[in-house]
Amino acid sequence: MAASLISPSGRDDPLYQQGMAHLQSGRWAEAARAFETVAGQYPDDPAISQALDEASFKAKLDAAVSVRPKKHFFPW
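Residues numbered from 1 in each chain as written. Predicted model: local features only at pLDDT ≥ 70, side-chain atom pairs only at ≥ 80, totals over all residues. Heavy atoms only, no water.

Draft legend 1. A look at a nonpolar patch on the surface. Among the surface-exposed residues, Phe57, Leu61, Val65 and Val67 lie close enough to one another that they form a single nonpolar patch of about 430 Å² accessible area. With respect to the secondary-structure elements, Val65 resides in the segment after α3 (46-64). Using a relative accessible area of 46% as the deciding quantity, one classes Val65 as partly exposed. (Patch = residues over 30% accessible without salt bridge, like charges linked within 9 Å, V, L, I, M, F, W, Y side chains within 5 Å. Areas by Shrake-Rupley, 256 points an atom, 1.4 Å probe, with all protein chains shown as cover. Salt bridge = Lys/Arg side-chain N within 4 Å of Asp/Glu carboxyl O. Helix = DSSP H or I, 4+ residues; strand = E, 2+ residues; numbered from the N terminus. Buried < 20%, exposed > 50% of the residue type's maximum accessible area, 1.4 Å probe, protein only.)

Draft legend 2. Seen up close, the packing of helix α1 (residues 14-24) against helix α2 (residues 28-41). Contact pair α1 / α2: the axes reach a minimum separation of 8 Å and the direction vectors enclose 160°. Taken together, the axes of α1 and α2 are roughly antiparallel relative to one another. Handedness of the α1/α2 crossing: left-handed. Facing Leu15, Tyr16, Gly19, Met20, His22 and Leu23 of α1, the residues of α2 in contact are Trp28, Glu30, Ala31, Ala34, Phe35, Thr37 and Val38. (Axes fitted to C-alpha atoms, helices over the stretch in contact; angles between N-to-C directions. Parallel < 35°, antiparallel > 145°, perpendicular 65-115°, else oblique. Left-handed = near helix turned anticlockwise from the far one by under 90°. Contact = heavy atoms within 4.5 Å.)

Draft legend 3. Spotlight on the pattern of salt bridges. A complete count under the given rule lists two salt bridges for this structure. Two residues, Arg11 and Asp45, come together in a salt bridge whose shortest N-O distance is 3.9 Å. Of the two residues, Arg11 is situated in the segment before α1 and Asp45 in the loop between α2 and α3; the sequence distance between them amounts to 34 residues. Classification of Arg11 as partly exposed rests on a relative accessible area of 42%. Residues Lys58 and Glu54 are paired through a salt bridge, measuring 3.1 Å at the closest nitrogen-oxygen approach. Residue Lys58 and its partner Glu54 are located together in helix α3, separated by four residues, close to a single helical turn. Residue Glu54 is classed as partly exposed on the basis of its relative accessible area, which comes to 34%.

In structure tokens, the structure reads:
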């Protein structure tokens, strides 16, 4: 039986999939924590690195920016 030459990918990890679900639902901090854990296991995977960068950026942006509603009143 031949040994498999394909190394496992971090994208197959269930924690990566969970991180992607957090990322798609807008839970940036949870996504970043999941990707940090997966990145520790697969440090050379560029997809994990990119996902971690994106989640971290969005978490920082979300913490720094506050959106206020407009205070316009239109009397009818």
